[in-house]
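The primary structure of each chain is shown beneath.
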Amino acid sequence: LEDVYGVKLDSSLTAWTNALFKYLSLDLPNIIGFPTSCIGSTRQQLLVGALWPYMIVLVGAIGQALRRVYQVIICRSLDNVEHVSIMSHMRSWLIQWTIVIFYFALPTVSNGLFDAIKCRAFDDDDQGNSVSYLFIDMVVQCDASKDAMYRNILRTFWVLIVIWVVLTPL
């Protein structure tokens, strides 16, 4: 709030909410202390921030499949009935965990998407004109007609907003 609106909340309110949101957010880079500025460009950071839940689901599916393969190898016998039940169990497990992961990731990813296009205005001259730059990358000017990088970030933002904010809750 302070960065955009100039409003500062009382520290007794923000202390417990920051702690609560830090551990319930599922923002993996933030939880493990990995700086997102090491990822690359702002567009790449935006993509990684929006696609990490898919990576978690993929790793979970691979882990579950490897576990099932290990069980089959140890048992050394697999008839058709067991094969069907294993596949339906894996499908059920994958659907359940995908819903849980996406449910908890949706607020974090949405917040990251909107933070990626947050701009900050600076006075440009004595005439009252101002120029805006992305808050997370002050090199990028928030003017799609002047800055191609900002245009690419906006395109990526809108695609990811449709995927996460519109389609994921469906």
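Everything in this summary refers to the structure shown in the same document. Note that the coordinates shown come from a computational prediction; the quantities given were computed from them, not determined experimentally.

1. Topic: the pairing of strand β1 (residues 119-123)
Step number 1: Two strands pair when backbone bridges link them, and β1 and strand β2 (residues 130-134) are joined in this way by five bridges, in the antiparallel orientation. Note on β2: the bridge partner recorded for Arg120 is Tyr133.
Step number 2: Here β1 hands over to β2 after six residues, with Gly128 in that stretch at a positive phi of 95°.

2. Observations regarding the pattern of salt bridges
Step number 1: Applying the stated criterion across every chain, the model contains two salt bridges.
Step number 2: Put simply, Asp115 and Lys118 hold a salt bridge, and the shortest N to O gap is 3.9 Å.
Step number 3: With a relative accessible area of 31%, Asp115 lands in the partly exposed category.
Step number 4: Of the residues examined, Lys118 reaches a relative accessible area of 24% and is grouped as partly exposed.
Step number 5: One salt bridge connects Lys146 with Asp143, and the closest N-O pair in it is separated by 4.0 Å.
Step number 6: The partly exposed category is assigned to Asp143, whose relative accessible area is 22%.

3. Side note on a nonpolar patch on the surface
Step number 1: A cluster of nonpolar side chains, namely Val48, Leu51, Tyr54, Met55, Phe114, Val159, Val162, Ile163, Val165, Val166, Leu167 and Leu170, defines an oily patch on the protein surface of about 1,000 Å² accessible area.
Step number 2: With six residues, the top contributor of residues to the nonpolar patch is helix α6 (residues 148-167).

4. Quick look at the nonpolar core
Step number 1: Residues Leu46, Ala50, Val109, Leu113, Leu134, Tyr150 and Trp164 are the most contacted members of the largest nonpolar core, which totals 20 residues.
Step number 2: Those elements that place two or more of their residues in this core are α4 (42-75), α5 (80-116) and α6.
Step number 3: The contacts of Leu134, once residues within four sequence positions are left out, are Thr42, Ala116, Ile117, Lys118, Cys119, Val140, Cys142, Tyr150 and Ile153.

5. Brief notes about the state of the cysteines
Step number 1: In the structure shown here, the tally under the stated rule is one disulfide.
Step number 2: A sulfur-sulfur distance of 1.9 Å marks the disulfide that ties Cys119 to Cys142. Residues Cys119 and Cys142 are joined through a disulfide that is left-handed, its torsion about the S-S bond being -100°. You can see Cys119 sitting in strand β1 and its partner Cys142 sitting in the loop between β2 and α6, a full 23 residues away along the chain.

Conventions used here
Residues numbered from 1 in each chain as written. Predicted model: local features only at pLDDT ≥ 70, side-chain atom pairs only at ≥ 80, totals over all residues. Heavy atoms only, no water. Pairing = 2+ DSSP bridges. Helix = DSSP H or I, 4+ residues; strand = E, 2+ residues; numbered from the N terminus. Salt bridge = Lys/Arg side-chain N within 4 Å of Asp/Glu carboxyl O. Buried < 20%, exposed > 50% of the residue type's maximum accessible area, 1.4 Å probe, protein only. Patch = residues over 30% accessible without salt bridge, like charges linked within 9 Å, V, L, I, M, F, W, Y side chains within 5 Å. Areas by Shrake-Rupley, 256 points an atom, 1.4 Å probe, with all protein chains shown as cover. Core = buried A, V, L, I, M, F, W, Y, C linked by side-chain atoms within 4.5 Å. Contact = heavy atoms within 4.5 Å. Disulfide = S-S within 2.5 Å.

That is the geometry; function is a separate question.
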